[in-house]
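For reference, the chains in residue letters:
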Amino acid sequence: MASPLGICTNMQENKTRLPHPLIAIIPIVVLIGMLTVVITLFGSDSLSGGSQIALLMGMAVCVCISMAVYRVPWKTFEHQMISTIGNVSITLLILLTVGMLSGSWMISGIVPTFIYYGVQIMSPQFFLVSACIICALVSLLSGSSWTTIATIGVALLGIGQALGISEAWTAGAIISGAYFGDKMSPLSDTTILASSVTGTDLFTHIRYMTLTTTPTFIITLLIFFVTGLGKANDTELLVSQYTEGLSQTFNISLWTLIVPLLTAVLIARKVPSLIVLFTSSVMAGITALILQPHILTQIAADSTLSTSAALTRGLAITYYGATAVDTGYNELNELVSTSGMSGMLNTIWLILCAMCFGAAMVASKMIDSITNVIIRFVNTRLSLVSSTVGTGIFLNLTTGDQFISIVLAADMYKAVFEKQGYESRLLSRTTEDAATVTSVLIPWNTCGMTQSTVLGVPTLTYLPYCFFNYLSPLMSILIAAIGWRIYRKTV
């Protein structure tokens, strides 16, 4: 995914005077108020339109105040929106491709094969900690939490359901592991971005992050381990139902695992995420044609078509539309149903609205006004790190994108860290501890929207169980308070 480095330039070009902080916070108050109403009225359906309206209304309030009171021309907002939305265009393509991948990996039998063998190998007691470690390793090697969650994460969610594990706990373990690997991988775009915008060597940045990230991950694993010990092991009936239903419906074959193996090879060769996901989807489609033609014909649902036409129609629907396969068990039917590219449209719509709100806040300099208030109270090591953490989370809430949050937080605090004599690696680490990992906890952030859509678990449902993600900023503040290995520059 492309990083929105152009934002800083646009901000510098905008000579608009800073709004008063009490004025600048009005659009955020309006947004939070409207989101509260939307979530109350629509619940889990709030992402189907209500949240988008709230974001657009928040943007409208920001634009109206800026144009009426501070005389900010509409062109300023327009240029910022074009720049911001342009910077997430690859993200939108990745989302559509993830939709293709989730549909094709399911219908081709790849995910069912993972589930079939996984439920027989893994025990409920050690499932959560195992899922977290597996996702951490895959994400560390791939450098992408999105790719990890869209592939092995979806399979693990199915295994967890078969073992009787709550989907909220499973999603929390998957996300915790995936974001640990994403944060610590030298292949990760957020890791590279955080080090580059702060002027820190990449591997110096990664090594310094181990001081906060390692203890946080150990605590996370201990929580999942202790929780797992309390899980009952009386899931034989449920496991037998899953294995029977899958084997009777799909052609369960270890040959299907060639696709994830080749996908792993592409990841190891550092092929861009969009190409990896698309290629994997194509390979899965070919696998479906070879091993699951009966399911593709069922999906086509048109007896008048020839065999080849029915297979083509079924595969196309698998890629772009909703699919339902009857396994004989209602819970399993829900698990193997997919929504394809069309299932990502609400998420894409929400991302576009979130980017418009974020662009309006940047173009009006309301973001600058609010953060300047925070910076005034920074006079100690603890307050500096705490305010950087708070700003990273605040920017994730208001701009809706972790890349924008990383860039803006680093740009705002770089001079402050330098003035107080701290090394740049403290800023780069703190920025990642806050902006990278908390993005997935916010329903209208690109990460929160994407992962909730891919896993089929609402953001607010899995949030309490993403221990790594909300312990990371707290650990960053704790280490700052202790002063462990925080150095000032030597003259």
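For the structure itself, consult the block above.
This write-up is about the structure you can find in this document. Counting restarts for each chain, with residues numbered from 1 along the sequence as it is written. Restriction of local features to residues with pLDDT of at least 70 applies here, the model being predicted, together with a cutoff of 80 or more for giving and counting side-chain atom pairs; totals for whole chains, interfaces and linings are based on all residues. Just so you know, side-chain values use all the structure's heavy atoms and leave hydrogens and water out.

**Concerning the pattern of salt bridges**
Quick reminder of the rule: Whenever Lys or Arg places a side-chain nitrogen within 4 Å of a carboxyl oxygen from Asp or Glu, that contact is recorded as a salt bridge. Only DSSP runs of H or I covering at least 4 residues are called helices, and only runs of E covering at least 2 are called strands; the numbering of each starts at the N terminus. Partly exposed residues are those whose accessible area sits between 20% and 50% of the maximum for their type, while under 20% is buried and over 50% is exposed, using a 1.4 Å probe and protein chains only.
The final tally for this structure, using the stated rule, is three salt bridges. Glutamate 78 serves as the salt-bridge partner of lysine 75, at 3.1 Å between the closest nitrogen and oxygen. One end of the pair is lysine 75 and the other is glutamate 78, both in helix α5 (residues 74–87) and three residues apart, which spans about a single turn. We note a salt bridge from lysine 183 to aspartate 433, for which the minimum N-O separation is 2.3 Å. Residue lysine 183 is located in helix α10 (residues 167–184), and its partner aspartate 433 is located in helix α23 (residues 424–438); the two are separated by 250 residues in the primary sequence. The class of aspartate 433 is buried, set by a relative accessible area of 0%.

**A closer look at a nonpolar patch on the surface**
Using the following cut-off: Like-charged residues are merged into a patch within 9 Å and nonpolar side chains (Val, Leu, Ile, Met, Phe, Trp, Tyr) within 5 Å, provided each residue has over 30% relative accessible area and no salt bridge. Here the Shrake-Rupley method, with its probe set to 1.4 Å, supplies the accessible areas, and only the displayed protein chains count as covering residues.
On the surface, a nonpolar cluster with roughly 450 Å² of combined accessible area is contributed by Phe278, Val282, Ile286, Leu289 and Ile290. For phenylalanine 278, the position within the fold is in helix α15 (residues 273–291).

**Thoughts on the packing of aromatic side chains**
So the rule is basically this: Ring pairs shown here join Phe, Tyr and Trp side chains whose ring centres sit within 6.5 Å, with only the six-membered ring taken for Trp; geometry is labelled stacked below 30 degrees between planes, edge-to-face above 60, and tilted in between. As a reminder, the over-ring test applies to NZ of lysine and CZ of arginine, requiring each to be within 6 Å of the ring centre and within 35 degrees of the ring normal.
Within the structure shown, the criterion is met by 12 aromatic pairs. Taken together, a centroid distance of 5.1 Å and an interplanar angle of 90° make the contact between tyrosine 116 and tyrosine 117 edge-to-face. Seen from their ring centres, phenylalanine 180 and phenylalanine 468 are 5.9 Å apart, and the 80° between their planes marks the pair as edge-to-face. Of this pair, phenylalanine 180 sits in helix α10 while phenylalanine 468 is found in helix α26 (residues 467–482), placing the two residues 288 residues apart along the sequence. Judged by its relative accessible area of 15%, phenylalanine 180 is buried. Taking the relative accessible area as the measure of exposure, phenylalanine 468 reaches 0% and is therefore buried. Put simply, the rings of Trp169, Phe224, Tyr465, Phe467 and Tyr470 pair up and form one aromatic cluster. Cation over ring: arginine 429 sits above tyrosine 208, and NZ or CZ is 4.1 Å from the ring centre.

**Some words on the state of the cysteines**
Rules: A pair of sulfur atoms, both from cysteines and within 2.5 Å, is called a disulfide here.
This structure, assessed with the given rule, holds zero disulfides. Cysteine 64 takes part in no disulfide bond, and the closest cysteine sulfur to it belongs to cysteine 62, at a distance of 9.3 Å. Distance from the sulfur of cysteine 132, which forms no disulfide, to the nearest cysteine sulfur (cysteine 135) is 7.4 Å. Judged by its relative accessible area of 0%, cysteine 132 falls in the buried class.

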